[in-house]
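The lines below spell out each chain.
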Amino acid sequence: MALRRPELLRLLLLPLLGCRLLAVELTSSNTKPVVQEFQSVELSCIIKSTVTPDPRIEWKKIRNGETSYVFFGNKMQGDFATRAEILSRTSLVIKNTTRMDTATYRCEVAAPSDTKTIDEINIQLTVQVKPMTPRCSVPKAVPVGKSASLHCHENEGFPKSTYSWYRNSEPLPPDSKSSKSHNSSYTLNPATGTLVFHAVHKGDTGRYSCIATNDAGFAKCEEQEMEVYDLNIGGIIGGVLVVLAVLVLITLGICCAYRRGYFANGKESGESYKTPAKPDGVNYIRTDDEGDFRHKSSFVI
């Protein structure tokens, strides 16, 4: 019985290579590639040893516990059909990567002519995304001695962004003790982007901006002015006294108007309308022809 070519090749190589090399074996030049969004990346999968001349190649994507095919039946699957290709028989090249491509990719090779017929290798791809312009919230005016909270956040960047604050284009150190303005007392959280002044003073007045940074880049929000003003207690008391004086004058004016009768009812001051009394000797009668009252005189003799 004639032997098939792959089996014959395996028997010929057996004395030279040993039994170990008859098992299909995979390797990779980079099992944890990192790429920025919209760039291309190669997922390296290399057949280190096999005696099967035409092994079957498959690629799978594992994301959030779900597995889907990338390359199956010698063709790309899904949206990879227009932006991915196989390189050097086994490696996978993804063009125009997106944040949704961050996942674990499994390269599987089936070699029927080998003693160990199947091998696989996992590639962990990370697609970095630059931060978007952060949303910054800065109070416009704060009285001296009061607390003030400034907020900065963005949720598009990957990995997650860290935040730094600037006043008048000068960076604020994470520790307020090392700040150039020694009177400042604040807490800065680089992970959340929150800057809290415990008790502001006049030196904290300025233009504030925030920068969000990750491994892919950075983004900055526009500067916003925060004014710290003195709380004028004397002026507040004076304003309250002025308002009270105005209310007293208005009350007195209303009372005087009532006393002079400006708010009296016109009906009460005038004479009430009364029905004219019927003259003596006059009787009112109604006739069918006239449809109204007529009077006739009667004389008392």
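Predicted model only: the values in this text are computed from it and were never measured. (Residues numbered from 1 in each chain as written. Predicted model: local features only at pLDDT ≥ 70, side-chain atom pairs only at ≥ 80, totals over all residues. Heavy atoms only, no water.)

Chemist: Describe the overall build of the protein, and please don't skip the residues or the numbers.
Modeler: Check the secondary structure of the protein and you find three helices and 23 strands. Classification of the 301 residues of the protein by burial places 32% in the buried group. For the protein, restricting intrachain contacts to residue pairs at least 6 apart in sequence, the fraction spanning at least 24 positions comes to 59%. Accessible surface, the protein: about 20,100 Å² in total, of which carbon and sulfur atoms supply 55%. (Helix = DSSP H or I, 4+ residues; strand = E, 2+ residues; numbered from the N terminus. Buried < 20%, exposed > 50% of the residue type's maximum accessible area, 1.4 Å probe, protein only. Contact = heavy atoms within 4.5 Å. Areas by Shrake-Rupley, 256 points an atom, 1.4 Å probe, with all protein chains shown as cover.)

Chemist: Hey, could you go over the nonpolar core for me, with residue numbers and the actual values?
Modeler: Membership of the largest hydrophobic core comes to 25 residues, with the highest contact counts inside it found for Leu-43, Trp-59, Leu-92, Ile-94, Tyr-105 and Leu-125. Elements that contribute at least two residues to this core include exactly strand 3 (41-43), strand 5 (56-63), strand 6 (66-72), strand 9 (91-94), strand 10 (103-110) and strand 11 (118-128). When near neighbours in sequence (up to four residues on either side) are disregarded, Leu-92 contacts Val-41, Glu-42, Leu-43, Trp-59, Val-70, Met-76, Ala-84, Glu-85, Ile-86 and Tyr-105. Val-142, Phe-197, Val-200 and Met-226 belong to the second-largest nonpolar core, a separate cluster that totals 20 residues. (Core = buried A, V, L, I, M, F, W, Y, C linked by side-chain atoms within 4.5 Å.)

Chemist: I'd love a proper account of unusual backbone geometry, names of residues and values included.
Modeler: For the bond running from Phe-158 to Pro-159, omega is 0 degrees, close enough to zero to count as cis. When you line up the elements, Pro-159 lands in the loop between strand 14 (148-153) and strand 15 (162-167). The phi dihedral of Asn-74 falls on the positive side, at around 65 degrees, and the residue is not glycine. Mapped onto the elements, Asn-74 comes out in the loop between strand 6 and strand 7 (75-76). Here the phi dihedral of Ser-88 falls at roughly 55 degrees; this positive angle occurs in a residue that is not glycine.

Chemist: With reference to specific residues and values, describe the pairing of strand 11.
Modeler: Pairing analysis gives three bridges linking strand 2 (residues 34-36) to strand 11, with the strands arranged parallel. Bridged to Gln-36 within strand 11 is Gln-128. (Pairing = 2+ DSSP bridges.)

Chemist: Quick one: what's the story with the packing of aromatic side chains, residue by residue and with numbers?
Modeler: In the structure shown here, the tally under the stated rule is three aromatic pairs. When the ring of Tyr-69 is compared with that of Phe-72, the centres are 4.4 Å apart and the planes differ by 40 degrees; the resulting orientation is tilted. On the accessibility criterion, Tyr-69 (38% relative accessible area) is partly exposed. The interplanar angle of 80 degrees and the centroid separation of 6.0 Å between the aromatic rings of Phe-197 and Tyr-208 together place this pair among those described as edge-to-face. In this pair, Phe-197 sits in strand 18 (residues 194-197) while Tyr-208 sits in strand 19 (residues 206-214), placing the two residues eleven residues apart along the sequence. Here the two residues Phe-197 and Tyr-208 agree in accessibility, since each one is buried. Connected via pairs of aromatic rings, a cluster forms that spans Tyr-186, Phe-197 and Tyr-208. (Phe/Tyr/Trp six-rings, centres within 6.5 Å; stacked < 30°, edge-to-face > 60°.)

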